[in-house]
Structure formats: C-alpha cells, structure tokens
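Chain by chain, the residues:
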Amino acid sequence: MELDKMDENDWKYHGEGNKSLVVSHLQHCRVLRLLKFPSEDSTAEQAFRHILNIVDYSKYVMKPLLGEKYVHSGEVVKLPLDFVRQLSLKVQQERPELRCDKVMDTFSGCGLCLPNLTQLPLHHLRDHRPPICVEIKPKCGFLPFSRHITKECKRKVCRFCMHQHYKAKVKPDFFKRMYVALKNLLEEPQNNLKIFKGGELIFSCKDDAKQQPELNDLIQHLRPYFSHSNGLYNGHQPGKAILNEFIQVICSALLSGGDSNRSGEPRKVHLSESRPHCEASPFPRDLLRNGNHGLPKDSVLAKILQVQMLDNLDIEGIYPLYKRVEQYLEEFPKERNRLQIDGPYNESFMDKVKNCPTEDDGSVEYAVGKVHQYRVAMTAKDCSVMITFAPCEEDEEQQLKLEKPRFTYSISILDLDPKPYEGIPHQYKLDTKIVNYYLRSTQAPP
Ligand code: ATP
Ligand code: MG
Ligand code: MG
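None of the values given here were measured: they were computed from a predicted structure. (Residues numbered from 1 in each chain as written. Chains lettered and ligands numbered in written order. Predicted model: local features only at pLDDT ≥ 70, side-chain atom pairs only at ≥ 80, totals over all residues. Heavy atoms only, no water.)

Participant: Quick rundown of the overall build of the protein? Include the residues and the values.
Facilitator: Broken down by element type, the protein carries 14 helices and twelve strands. In the protein, buried positions account for 50% of the 446 residues. Look at the contacts in the protein between residues 6 or more apart in sequence, and 71% of them connect residues 24 or more apart. Of the roughly 22,900 Å² of accessible surface on the protein, 51% is carried by carbon and sulfur atoms. (Helix = DSSP H or I, 4+ residues; strand = E, 2+ residues; numbered from the N terminus. Buried < 20%, exposed > 50% of the residue type's maximum accessible area, 1.4 Å probe, protein only. Contact = heavy atoms within 4.5 Å. Areas by Shrake-Rupley, 256 points an atom, 1.4 Å probe, with all protein chains shown as cover.)

Right, here's the structure in full:
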C-alpha cells in the first residue's frame, strides 16, 4: 500500500462499531480502521496518541494474554487528509442511520491498517465458493464469584442463561450448549452476530443491515457449501440440515486447539469427524469457580474466558481500589505516569498486570494492579471472534465419493481496545442500576 497514492475508489465501506469505522480494500485483503469522535474538538495529536495506544495495548497486553495466533494488532498509518475526507464522503451514505451520531475522524489523518479477517489469504481462487466468515461477540463467559458482591442474584445464572439451559434440557454437554447458543444467535442475532461471504456482509441484526436478517436467505447462501450428496437428498438438503452443519463447523472451530495461523496453513476440519468429545459438567457455575470450564485449553474461547476472569473482584471490589488510586493521585499527581494509569501500554504495564500481589497489602501498587487487571478483563468481555472458513480444494473429489465436506479455517480475535480508567465510576453506577432493576422487576409485587 503506497500511502502517498491512496485513492478512495480502491476502498469501500465495510462496517462500524461504536468507536470506529472500517473500510476494506477492493483487491487486497486489507482493511483500514478509522476512529470516530463524538465531536471535532479532539486534536490530531490526541488522535495519534489514542491510536498508538490501541496498537500498543493489542501488541503488548492482549496478544501475549490471548495468544499470538489469534491477535492481529495492525499498524498505525498516516493517511493523506484529502484521501480521508473523500473517503468519509464516499462512505457516508452506506452508514446505518443509528451510527451517524458520531463522525469519522477526518482531521488527524491517522488510521489503523489490518488484515481483512473476513477473507482467507491463502484461499485458492480455484474454488468458486468464497470464504464464509462468522463474527460473534462472546460477551462475559463466567458468573462473578467475588466475595465483594453484595447482591446474591449476581452469582446466579442469569435469566437468559437459564433459558438456554432449559432449551438444551438437562445435562447438555459443552458441544450441545454451544450449539444451542449459536442457534439462538442465528434466530435472534441482536448485536452479537454478523456473517460475511467473500468479505460482504450477508447476515446481521436489523441495526447494521439494510434488511432484516432472513434465515432463508442465509440458507441459500450456505447451500453450495454443504451440498454434498447425502444419499437421498442428492445435493438438495433441507434448510435445517444445512444450518445444522454450518453450526457444527463453527462449534468445531471454536473448540479446536486453534492452530490457525494466517501466515501458515489454515487448519482443516472434517465435518463428519468434527464433534469433539465432552469434558464439561452440565453445571458450569461450579466448574468455573475451580477454573475448570471444560473448554479445550488452547481453544479461542478458553483463552478469552481466562482473560475475562482477571476480573476476580467484580466491579464492587474494584471501585474502592479505584478510589484508593484516586486519593493517592490527588496527593502525588506526578505518580500518574509511573503507575501507567493512561499508558503507555508496554511490557512494563504488562508486568503490573501479571505481577499484581494476590493479597491486598493496602498499597497503591496492589490497587493499581487490580484496576489494570479489571480493565484488561473488560476488553476481553467486549471483543469479537471471527471464524473464517472455506471449502478445501480436494472437495470436488470428495463430493464424488459422497463424503461430507472439509473446510479450511482461521480464527481471530478483534476489537481489543483499552477501556478507559475514567470509566470505572460509570461502570460501578451502571452495575448498581442493572442489579437493582433486576431485583425490582423479578420480585413479586407486595
Ligand atoms: P464496538 O462498538 O463493538 O466496540 P468498534 O467501534 O471498536 O466496535 P470494531 O469492532 O473494531 O469497532 O470494528 C467494527 C466492525 O468492523 C467489526 O464488527 C467487524 O465486522 C469489522 N472489522 C473490524 N476489524 C476488521 C478486520 N481486521 N477485518 C475484517 N473486518 C473487520
Ligand atoms: Mg466491535
Ligand atoms: Mg470496540
């Protein structure tokens, strides 16, 4: 990519979240992630610092914690302002109305260049079927267990989870529970599911797509990938069977050791052999307390869960420590840098995360370490996982042999931005509000 010859016509709108807007290159497997700002008050210097923090945080903190193979930190690029302005005009009409309360940063010229994770770089174009990519926001995978919790209901299975449990009936194994969760996501995607085909969004919730997601349309898209002649069906499988196989491929990828590597050979999954055996108890709550969640150790979900669990005090335990830090900083404002409250996010920050004392010795170091850990866990609760897969080349031969299809796949974790230190009081208030509302609305009226 030649930065001085950037042309907005080589790029198109790809998607956006709360904090950034993403455009993808028409030919290369690249995207540009551009930050959004609620106002144009921020300076170019602030924007640059901010984006550098994002890359450092991904590279030095999240990547070592989540695993090299899953995280792509990208690089900061300085783009010509003219290009960014033209690009912003070009994508404006594609943006969902709901997202237009924020504007794309067109004044700093800073962006983040990343591999386009909805594509498979090594996927040979010999196959006419482009890669399918499923993006999931896993959210928080455990129930809080901190002794600082004041409301007992927070330790209990939330209503949504209880519903999942009920639907899966008693004693579902891990594969079944995940299967049910994915099936629910497909039926009610909310904000937590997107599906791309050849890099194009084909399925998502109402807010992000122009049309309401249609399961039947999705099935039509997926049909060519699962059209193996299966005895009687002879390539005309009913929609349900296609969705079933689709979900199985995703589950297998999510539970695999995930040796996926974008620069190496992607992993292969064989549909008919893919069902991993269950190691989990039907009662994840107790298992989670012991750190034994039943997920295969190297799987992407186990990695994310492990980082989420750095939040072992809950916001109720963190807030007093935040106040301890604040009090200390009031007295010694210059210490803010040494304690790396606002970064830099480098190895030394990572040391503070990893080597925080286990017991509260009353020190500010302990408080800062726990606050840092909490923020890292918050990032892991807000990330996305992308599973991108495509049929293996030898597939045609296999179809002749009437075998089930084989897929090549790659898994990545994205959206790993630092969560602001200043956000902690807000998190504390929000938690109180949510819990109180839940208690009020579930208690029987007097
Ligand atoms: P959120 O509101 O969830 O915090 P965000 O503003 O931080 O989102 P991202 O999640 O990083 O932004 O990006 C927005 C969307 O752009 C993602 O959901 C994903 O669909 C797409 N996207 C981001 N990075 C990539 C990438 N490297 N390759 C392909 N698509 C990407
Ligand atoms: Mg996101
Ligand atoms: Mg984000």
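Participant: Provide a residue-level description of the packing of helix α5 (residues 215-222) against helix α6 (residues 239-255), including the pertinent values.
Facilitator: Interhelical geometry of α5 versus α6 gives an angle of 70° and a closest axis separation of 10 Å. In terms of axis orientation, α5 runs roughly perpendicular to α6. Facing Leu 215, Leu 218, Ile 219 and Leu 222 of α5, the residues of α6 in contact are Gly 239, Ile 242, Leu 243 and Phe 246. Classifying every residue of the contact of α5 with α6 gives seven nonpolar, one polar and no charged. (Axes fitted to C-alpha atoms, helices over the stretch in contact; angles between N-to-C directions. Parallel < 35°, antiparallel > 145°, perpendicular 65-115°, else oblique. Nonpolar A, V, L, I, M, F, W, Y, C, P; charged D, E, K, R; others polar.)

Participant: Outline the packing of aromatic side chains, listing residues and values.
Facilitator: This structure, assessed with the given rule, holds ten aromatic pairs. For the ring pair Tyr 345 and Phe 349, a centre distance of 4.9 Å and an interplane angle of 90° mean the geometry is edge-to-face. Ring-pair connections join several aromatic residues into one group, and the members of that group are Phe 226, Phe 246, Phe 389 and Phe 407. (Phe/Tyr/Trp six-rings, centres within 6.5 Å; stacked < 30°, edge-to-face > 60°.)

Participant: Residues and numbers for the coordination of the magnesium ion (ligand 3), please.
Facilitator: The protein atoms that coordinate the magnesium ion (ligand 3) are Asp 415 (OD) and Asp 415 (OD), at distances spanning 2.0 to 2.6 Å. In this structure, the magnesium ion (ligand 3) lies 4.2 Å away from the magnesium ion (ligand 2), the two metals sharing Asp 415 as a donor. Considering the arrangement of structural elements, one finds Asp 415 in the loop between β12 (406-414) and α14 (424-442). (Donors = N, O, S within 2.8 Å, 3.2 Å for Na, K, Ca; no water.)

Participant: Describe the packing of helix α1 (residues 44-66) against helix α11 (residues 347-354), with residues and values.
Facilitator: Between α1 and α11, whose axes approach to 9 Å, the crossing angle comes to 35°. Taken as a pair, α1 and α11 cross one another with a handedness that is right-handed. Contacts between α1 and α11 involve Tyr 57, Tyr 60, Val 61, Pro 64 and Leu 65 from the former and Glu 347, Phe 349 and Met 350 from the latter. Taken together, the residues that form the contact of α1 with α11 break down as seven nonpolar, no polar and one charged. (Left-handed = near helix turned anticlockwise from the far one by under 90°.)

Treat this as a map of the structure, not an account of what it does.
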